[in-house]
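Geometric and topological summary
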Amino acid sequence: MSAYIVVLAGFGVVVLLTAWLPMVLKELPLSLPIFCVGLGALIFAFPQIPGVMPHPNEELALVERLSEFVVIISLMGAGLKIDRPFGWKRWRLTWRLLGISMPLTIVALAWLGQVMMGLSLAAALLLAAALAPTDPVLASDIQVGPPGDSEEDEVRFTLTSEAGLNDGLAFPFILLAVAFAHEVSATSVMEWFAYAVVWKIAAGIGMGYVIGRALGWLTFHLPNRAKLSRTGAGFVAVGITCVAYGLTEMVRGYGFLAVFVAALALRATEPEHEYHSKLHDFAEELERLLMMVLLVLLGGAMTGGNLFATLTWQAAGFGLLALFVVRPLAGWIGLIGTDPPPARAAISFFGIRGLGSIYYLAYALNHAKFDNANLLWSTAGFIILVSIVLHGITVTPAMRHLDHRRKLAARAAH
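Before going into details, it helps to say that this report is about the structure given with it. (Residues numbered from 1 in each chain as written. Predicted model: local features only at pLDDT ≥ 70, side-chain atom pairs only at ≥ 80, totals over all residues. Heavy atoms only, no water.)

1. Some details on the overall build of the protein
A count of helical and extended segments in the protein gives 14 helices and zero strands. Tracing the protein from N to C terminus, the helices and strands come up as α-α-α-α-α-α-α-α-α-α-α-α-α-α. Against the 2.2 N^0.38 benchmark of 22 Å for 414 residues, the protein shows a C-alpha radius of gyration of 21 Å, consistent with a compact globule. Projected onto its principal axes, the C-alpha coordinates of the protein cover approximately 60 × 55 × 50 Å. Burial analysis of the protein (414 residues in total) assigns 54% to the buried set. Taking contacts inside the protein between residues at least 6 apart in sequence as the whole, the part at least 24 apart equals 83%. Summing over all exposed atoms, the protein offers an accessible surface of approximately 18,100 Å²; the carbon and sulfur share of this is 69%. (Helix = DSSP H or I, 4+ residues; strand = E, 2+ residues; numbered from the N terminus. Rg over C-alpha atoms; globule rule 2.2 N^0.38 Å. Buried < 20%, exposed > 50% of the residue type's maximum accessible area, 1.4 Å probe, protein only. Contact = heavy atoms within 4.5 Å. Areas by Shrake-Rupley, 256 points an atom, 1.4 Å probe, with all protein chains shown as cover.)

2. Brief notes about the packing of aromatic side chains
The full count for this structure, using the stated rule, is 18 aromatic pairs. For the ring pair F171 and Y360, a centre distance of 5.2 Å and an interplane angle of 90° mean the geometry is edge-to-face. Highlighted residues: F171 in helix α6 (residues 154-182) and Y360 in helix α13 (residues 355-367), separated in sequence by 189 residues. Overall, the relative accessible area of 6% leaves F171 in the buried class. Cluster of aromatic residues (ring-pair linked, three or more members): F171, Y245, Y254, F256, Y359, Y360 and Y363. Over the ring of F157 we find R84, and its NZ or CZ is 3.9 Å from the ring centre. Looking at R344, its charged tip hangs above the ring of W332, at a distance of 4.4 Å from the centre. (Phe/Tyr/Trp six-rings, centres within 6.5 Å; stacked < 30°, edge-to-face > 60°. Lys NZ or Arg CZ within 6 Å of the ring centre and 35° of its normal.)

3. Let's talk about helix α9 (residues 255-268)
Relative to the 20 Å expected for 14 residues at 1.5 Å per residue, α9 spans 20 Å between its end C-alpha atoms, a close match to the ideal helical length. Most of α9 is tucked away: 13 of the 14 residues are buried. Positive phi shows up at E270, right after α9, with a value of about 50°. (Expected span 1.5 Å × (residues − 1).)

4. Examining the nonpolar core
Among the nonpolar cores identified, the biggest contains 113 residues, and L126, I174, F370 and W377 are the most heavily contacted of them. Of the residues forming this core, the biggest block, twelve residues, is contributed by helix α10 (residues 275-303). By size, the runner-up hydrophobic cluster in this structure holds 14 residues, among which are A346, I347, V395 and M399. (Core = buried A, V, L, I, M, F, W, Y, C linked by side-chain atoms within 4.5 Å.)

5. Structural notes on the environment of F220
Within the secondary structure, F220 is located in helix α7 (residues 186-220). Once the C-alpha coordinates of F220 and Y275 are considered, the two residues, 55 residues apart in sequence, prove to be 9.2 Å apart.

6. Examining the pattern of salt bridges
This structure, assessed with the given rule, holds five salt bridges. With its nearest N and O atoms 3.7 Å apart, the salt bridge here joins E64 to R65. Two residues, E162 and R327, come together in a salt bridge whose shortest N-O distance is 2.7 Å. Within this pair, whereas E162 is found in helix α6, its partner R327 is found in helix α11 (residues 313-334), the two being separated by 165 residues in sequence. Each of the two residues, E162 as well as R327, counts as buried. One network of salt bridges, with partners in common, ties together E64, R65 and E68. (Salt bridge = Lys/Arg side-chain N within 4 Å of Asp/Glu carboxyl O.)

7. As for a nonpolar patch on the surface
A grouping of I100, L104, L320, L321, F324, V325, L329, W332, I333 and I336 is seen on the molecular surface, where their side chains present a nonpolar patch of about 810 Å² in accessible area. Elements with a contribution of two residues or more to the nonpolar patch: α4 (92-117) and α11. The dominant element in the nonpolar patch, judged by the number of residues it contributes, is α11, at seven residues. Within the element layout of this structure, V325 appears in helix α11. The exposure class assigned to V325 is partly exposed, which follows from its relative accessible area of 39%. (Patch = residues over 30% accessible without salt bridge, like charges linked within 9 Å, V, L, I, M, F, W, Y side chains within 5 Å.)

8. A short note on the environment of F171
On a C-alpha basis, the gap between F171 and F256 in space is 9.1 Å, while along the polypeptide they are 85 residues apart. Ignoring anything within four residues of it in the chain, the contact list for F171 reads Y254, Y359, Y360 and Y363.

9. Concerning unusual backbone geometry
A positive phi is found at N306, a non-glycine position, where the angle reads about 55°. Structurally, N306 is set in the loop between α10 and α11. Within the chain, N372 stands out as a residue other than glycine whose phi angle is a positive 55°. The residue N372 is located in the loop between α13 and α14 (373-413) in this model.

This is the structure:
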């Protein structure tokens, strides 16, 4: 039997399941990512299948590009969801998570990587920076609803905006790890700060804003016959995503940051226009399909690609500390003095790790030589697996409980 025919049939099954499963799993303490990883692990666990699925370290370029594409699509979708206008006070919890919690997480994980796992400074920093961002793909279950949706409470908004921005802001630390893999010196740190922090962040924000505003004008403010919004085509979201990402990368800015900022700038143009929903819906459907395919492959890598072959007890302990101690504690510290404890606890706990971490590892390992590369993959894979299961099971009841408390508080206030 032709391998192409088998793959084609399998892809058809994945597409159908992508449409059907969210409806079936909606009221269950399960999530689509749990099912995807389990399906991939099951398929590639058969004796005839192993060997077909390579270890991620053997296909770094392919892993980097596939994970990169699904992340930028998810960033566009996340930006289009947000109804709240951009601002310092209105986004105060997001700034706290980015400015306090994420650096604390990176420092703590880098230290633990050296102490517990015996990693070099460069490898420990790479692992810490790859695991620090909340994933915009797998965090979709705890994000705000579609454009114009009334369910934009503080917990959902903060987690959505954090996931949109921290992928771009974690990149400087990835590049610092790459620089340290070549040389650890004061000169390399200064060059890194000027290029990876100052220029690339400024270019990402600037390009994203200009591109988002320009495309917003083309979409909504051209003469009626020429407006992009009149097409009613949702796939325009993909074009906007690729233009923002590609042009920003051409000037050596952070494309991830630019895509999210472009989505916010586009959303701010005619914010009540129904075409935003068309763009968001297409981006969300494409994101869900790509996510399902990649997570099936991730599950296959766990069983057929021997992803966990180098996992040690120390690495597993590191992973559990990262999920249960470091992120929650760093999040709680960053949010001291803000919302009520239940909301603060939810924001701190749901720091989901996923496909963004895979991209960062593939990118860095493709640009420099790190010691214990397979151990880095095993550790990240273990953390992603635990995160998918843990957060997938707890997110529905936790958010339902918070919604109930919020509604009771609103009734009491009236």
